[in-house]
Amino acid sequence: MTIPQYCGQKNFFKMKTKKEYMDRMTFYSKDDIDAPHLEGLKYVKEGSAVLSAGCGSGREVLFLNNKKCKITAIHYDKEMISSSKELIDNQNIEYILGDFSKFERREGYDNVVCLFNTIPFLNRQQLEGFCKESYINLKKGGSLIITFMDRWGSFNSAVHYLLGHNKNYTKGHLLGLLGKFKINQFRMGKYLLIIATK
């Protein structure tokens with residue numbers, strides 16, 4: 001499987017295999033937390049209980065681990081989970097192979113984080129499920145934190161760019177799905193940042 005088939009973006013870093021993708025993401029995992037796709041982690045307090053939705057190769061899990069968070073990391077791809085485990089030597093991180101749009105733990109997380117370019121991979125039903133389950137999984141006062149690349153400053157354009165087709169997502173649609181949340185931040189730009197509190 002080539003990376004354009006895997007992630008939906010043509011010539012993504014000019015990589016040809018999933019291993020190249022994971023190697024590059026492992027490199028960027030060591031990037032400064034000021035990197036736009038990791039900015040949301042600034043709002044996670046040290047020692048928090050965090051659900052990393054779509055943990056990928058471990059870029060955000062690395063920083064959460066450095067903050068001594070209690071981490072549950074979920075991803076649908078076992079190779080990505082393996083990459084994260086290789087990057088971070090911590091047996092206390094709980095890894096789950098599965099669909100985070102259907103994940104219902106009801107443990108009461110302080111934060112649910114979904115970073116980098118994970119959201120645009122979800123279809124409408126999955127996005128609706130993710131927003132619903134995030135609300136259920138958070139404790140009262142907990143926050144959902146989302147970032148992803150917004151190449152042209154509009155949510156719809158970002159989805160079109162990443163996946164090569166329009167899924168008819170709009171800012172209004174996403175805000176509607178977050179209707180139960182209090183929106184603390186909704187910033188458009190190169191990277192879209194959303195912080196929503198239960």
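Not measured: the values here are computed from a predicted model.

J.: What exactly am I supposed to notice about the pattern of salt bridges here?
T.: Side-chain pairs of opposite charge can arise where the charged atoms are in close proximity. By the definition in use, this model includes one salt bridge. For D110, the salt bridge goes to K139, with nearest N and O atoms at 3.0 Å. Here K139 lies in strand β5 (residues 138-149) and D110 lies in strand β4 (residues 109-114), a separation of 29 residues in the sequence. Taking relative accessible area as the criterion, D110 reaches 22% and is therefore assigned partly exposed.

J.: Explanation requested: the confidence of the model for the protein in the structure shown.
T.: Counting all residues, the mean pLDDT for the protein is 76, and 69% of those residues have values of 70 or more. Taken together, the stretch residues 1-16 has pLDDT below 50 and engages in 41 contacts with residues farther than four places along the chain or on a different chain. Contacts of residues 159-166 to residues separated by more than four positions or lying in other chains number 23 contacts, the stretch itself having pLDDT below 50.

J.: Looking at this structure, how should I read the pairing of strand β7 (residues 191-197)?
T.: The element β7 is largely enclosed, with a buried count of seven among its seven residues. Neither face of β7 is exposed, since Y191, L193, I195 and T197 on one face and L192, I194 and A196 on the opposite face are all buried. Pairing analysis gives seven bridges linking β5 to β7, with the strands arranged antiparallel. Across the sheet, the residue bridging to M149 is Y191, located in β7. Pairing of strand β6 (residues 182-187) with β7 involves five bridges; the strand directions are antiparallel. Within the sheet, the bridge partner assigned to R187 lies in β7 and is L193.

Parameters and conventions
Residue numbers restart at each chain and count upward from 1, following the sequence in its written direction. pLDDT decides what is reported in this predicted model: residues at 70 or higher carry local features, side-chain atom pairs at 80 or more are listed and counted, and totals for whole chains, interfaces and linings draw on all residues regardless. Side-chain measures were taken over the full set of non-hydrogen atoms in the model, leaving aside hydrogen atoms and water. What makes a salt bridge here is a side-chain nitrogen of Lys or Arg within 4 Å of a carboxyl oxygen of Asp or Glu, nothing more. Each helix corresponds to a stretch of at least 4 residues labelled H or I by DSSP, and each strand to a stretch of at least 2 residues labelled E; elements are numbered beginning at the N terminus. Exposure categories follow from relative accessible area, calculated using a 1.4 Å probe and restricted to protein chains: below 20% of the type maximum is buried, above 50% is exposed, and the middle band is partly exposed. For every residue, the predictor states its confidence as a pLDDT score lying anywhere from 0 to 100. Any two residues whose heavy atoms approach within 4.5 Å are treated as being in contact. Two strands form a pair only when DSSP identifies at least two bridges running between them.

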